[in-house]
Amino acid sequence: AAIAAERMFRSDLNFVGKLAQSLGRALRGKARFRGSDLALLIQQSGFDALPIVTLVTFLLGLILAFVGAIQLQTFGATIFVADLVGVAMVRDMGALITGIIMAGRSGAAFAAQLGSMKVTQEIDALETMAISSLDFLVLPRVIALCLMMPLLTLYGDAMGIIGGGFVGVVMLDISPVTYLLQTGDAVSTTHVVGGVLKGTVYGLLIAMAGCLRGVQ
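S.K.: Any details on the packing of helix α3 (residues 50-72) against helix α4 (residues 81-119)? Residues and values, ideally.
M.R.: At their nearest, the axes of α3 and α4 sit 9 Å apart, and the two run at 145 degrees to each other. Between α3 and α4 lies a crossing of right-handed hand. The segment α3 lies against α4, with I52, V53, V56, T57, L60, G61, L64, A65, G68, A69 and L72 engaging V81, L84, V85, A88, M89, M93, I97, T98, I101 and R105. Class assignment for the residues of the contact of α3 with α4 results in 16 nonpolar, four polar and one charged.

Quick look at the structure:
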């Protein structure tokens, strides 16, 4: 078991090293992949994911506001529901929930696509033609998800805040303008930047894990 674990660790580390070299070639403009593939992956990882991200993050914001309102009503501080939802979504929950969605959606899709290519020997065919499979297949997927995750995180944050606002307006009789002003006072630029950076890291990890398992 120890030998097997050591071999798997070496294999994973080797993949990460090769991917780092591939990203370096991409930065120098020497990586070989098709722009049309990258554009399609960006659409699949970004625009096509909007419906499920909208639904889940809206419901999450709604649930956070509902649970918080029950406690805050005891102290007559229902206006701070906006603070609770805004800070929680922007700092952590927006990036985390979006990452979970994309892991189940895009990460699994990457693993399935590359796994089928491995079985049908398409990856071997690329290597035979002296085309790096990492550059041609893995790199566009990693770039696409790293580009889309920050945008999806911001979108998820907004939908979560809207979900919390729905509870605030309907259940707590807070005006929409008051709710938005209170959210703006609570949420800072530091919160937003931190959440976006977390989302980007999640995107990199998800793409790497999905592609690694697919290639293996």
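S.K.: Give me a nonpolar patch on the surface: which residues, what numbers.
M.R.: Residues I52, L55, L59, I63, F66, V67, I70, F166, V169, V170 and M171 make up a contiguous nonpolar surface patch of about 960 Å² in total accessible area. When contributions to the nonpolar patch are tallied by element, the ones reaching two or more residues are α3 and α6 (133-170). The greatest single-element share of the nonpolar patch, amounting to seven residues, is contributed by α3. Looking at the element boundaries, V67 is found in helix α3.

S.K.: Can you lay out the nonpolar core for me, pointing to particular residues and giving the numbers?
M.R.: The tendency in soluble globular proteins is for nonpolar side chains to be buried side by side. If you look at the biggest cluster of nonpolar residues, it comprises 44 residues, and the most contacted ones within it are F15, L19, V81, M102, V138, L145 and Y179. Contributing elements (two or more residues each) for this core: α1 (2-27), α2 (35-45), α3, α4, α5 (122-128), α6 and α8 (189-215). With twelve residues, the top contributor of residues to this core is α6. In contact with F15, other than residues within four places in its own chain, are L134, V138, M208, C211, L212 and V215.

S.K.: I'd like a description of the packing of aromatic side chains, backed by residues and values.
M.R.: Applying the stated criterion to the full structure yields one aromatic pair. Both rings, one in F58 and one in F166, keep their centres 6.3 Å apart while their planes meet at 55 degrees; by these two values the pair is tilted. On the criterion of sequence distance, the pair formed by F58 in helix α3 and F166 in helix α6 is long-range, its members being 108 residues apart.

S.K.: Describe the side chain of T183, naming the residues involved and giving the relevant values.
M.R.: With respect to the secondary-structure elements, T183 resides in helix α7 (residues 176-186). Not counting the four nearest positions on each side in its chain, T183 is found in contact with A82, G86 and I161.

S.K.: Which residues make up the pattern of salt bridges, and what values go with them?
M.R.: Within this structure, the stated rule accounts for four salt bridges. With its nearest N and O atoms 3.0 Å apart, the salt bridge here joins D37 to R34. Accessibility expressed as a relative area gives 46% for R34, which makes it partly exposed.

S.K.: Can you break down unusual backbone geometry residue by residue, with the values?
M.R.: One non-glycine residue, Q121, adopts positive backbone phi at about 65 degrees. Its relative accessible area of 53% is what places Q121 among the exposed residues. Despite not being glycine, D173 has its phi angle at roughly 55 degrees, a positive value. Along the chain, D173 turns up in the loop between α6 and α7.

S.K.: Quick one: what's the story with α7, residue by residue and with numbers?
M.R.: Every buried residue belonging to α7 is among Y179, Q182, T183 and A186, and all of these are buried. Along the long axis of α7, the arc covered by the buried residues comes to 100 degrees, so they all point the same way. Of the residues in α7, the exposed ones pointing more than 90 degrees away from the buried face are V177, L180, L181 and D185. Taken together, the buried residues of α7 touch α4, α6 and α8.

S.K.: Any details on the environment of T183? Residues and values, ideally.
M.R.: Under the relative-accessibility criterion, T183 is labelled buried at 7%. For the pair formed by T183 and L84, sequence separation is 99 residues and the distance between their alpha carbons is 8.7 Å. Polar contacts involving the side chain of T183 include one to the main-chain carbonyl oxygen of Y179, which spans 2.9 Å.

Reading guide: rules and limits
Residues numbered from 1 in each chain as written. Predicted model: local features only at pLDDT ≥ 70, side-chain atom pairs only at ≥ 80, totals over all residues. Heavy atoms only, no water. Axes fitted to C-alpha atoms, helices over the stretch in contact; angles between N-to-C directions. Helix = DSSP H or I, 4+ residues; strand = E, 2+ residues; numbered from the N terminus. Left-handed = near helix turned anticlockwise from the far one by under 90°. Contact = heavy atoms within 4.5 Å. Nonpolar A, V, L, I, M, F, W, Y, C, P; charged D, E, K, R; others polar. Patch = residues over 30% accessible without salt bridge, like charges linked within 9 Å, V, L, I, M, F, W, Y side chains within 5 Å. Areas by Shrake-Rupley, 256 points an atom, 1.4 Å probe, with all protein chains shown as cover. Salt bridge = Lys/Arg side-chain N within 4 Å of Asp/Glu carboxyl O. Core = buried A, V, L, I, M, F, W, Y, C linked by side-chain atoms within 4.5 Å. Buried < 20%, exposed > 50% of the residue type's maximum accessible area, 1.4 Å probe, protein only. Phe/Tyr/Trp six-rings, centres within 6.5 Å; stacked < 30°, edge-to-face > 60°. Arc of directions from axis to C-beta. Polar contact = N/O pair within 3.5 Å; in protein donor to acceptor, adjacent residues only side chain to side chain.

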